[in-house]
Amino acid sequence: MNSAMKNHVCLVTGGTRGIGRETARALAMNGATVVIVGRDASRSASTVRSLITETGNQSVSALVGDLEIGRAHV
């Protein structure tokens, strides 16, 4: 693990898959404290465990929440 981001706290939305997960992984690899936001509690917890294992960075956690701004229902 690199320490370039050691004193930074980064919040990553959509951090359980795709680009969000890869962003969270890269930040964790560089020593940042990473907080991912996901809608599904079990997927978020699983992602946190995976990122800690993959990166060796224990400073990875999750918040569960849906940040979608209302959608018009027609």
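In case you missed it, the structure is sitting above this.
These numbers come from a predicted model, not from an experiment.

(A) View of helix H2 (residues 41-55). Relative to the 21 Å expected for 15 residues at 1.5 Å per residue, H2 spans 21 Å between its end C-alpha atoms, a close match to the ideal helical length. What H2 keeps buried is the set Ser44, Thr47, Val48, Leu51, Ile52 and Thr55. Angular distribution of buried residues about the axis of H2 spans 130°; they occupy a single face of the element. Exposed and oriented more than 90 degrees from the buried face of H2 are Ser42, Arg49 and Thr53. Buried residues along H2 sit in contact with helix H1 (18-29), strand E2 (33-38) and strand E3 (60-64).

(B) Region of interest: the environment of Arg43. Here Arg43 shows up in helix H2. On the accessibility criterion, Arg43 (38% relative accessible area) is partly exposed. Distance from Arg43 to Val64, taken between C-alpha atoms, is 9.8 Å for residues 21 residues apart in sequence. Excluding residues within four positions of it along the chain, Arg43 makes contact with Thr16 and Arg17.

(C) The arrangement of H1 in detail. Compared with an ideal rise of 1.5 Å per residue, which puts 12 residues at 16 Å, H1 spans 17 Å between its outermost C-alpha atoms and is within 8% of the ideal. Next to the buried residues of H1 lie strand E1 (9-13), E2, H2 and E3.

(D) The nonpolar core, seen in detail. With 12 residues, the main nonpolar core is built from Cys10, Val12, Ala24, Leu27, Ala28, Ala32, Val34, Ile36, Val48, Leu51, Ile52 and Val60. Broken down by secondary-structure element, the contributors of at least two residues to this core are E1, H1, E2 and H2. Setting aside chain neighbours within four positions, we find Leu51 in contact with Arg21, Ala24, Arg25, Ile36, Gly56 and Val60.

Cut-offs and rules
Residues numbered from 1 in each chain as written. Predicted model: local features only at pLDDT ≥ 70, side-chain atom pairs only at ≥ 80, totals over all residues. Heavy atoms only, no water. Helix = DSSP H or I, 4+ residues; strand = E, 2+ residues; numbered from the N terminus. Expected span 1.5 Å × (residues − 1). Buried < 20%, exposed > 50% of the residue type's maximum accessible area, 1.4 Å probe, protein only. Arc of directions from axis to C-beta. Contact = heavy atoms within 4.5 Å. Core = buried A, V, L, I, M, F, W, Y, C linked by side-chain atoms within 4.5 Å.

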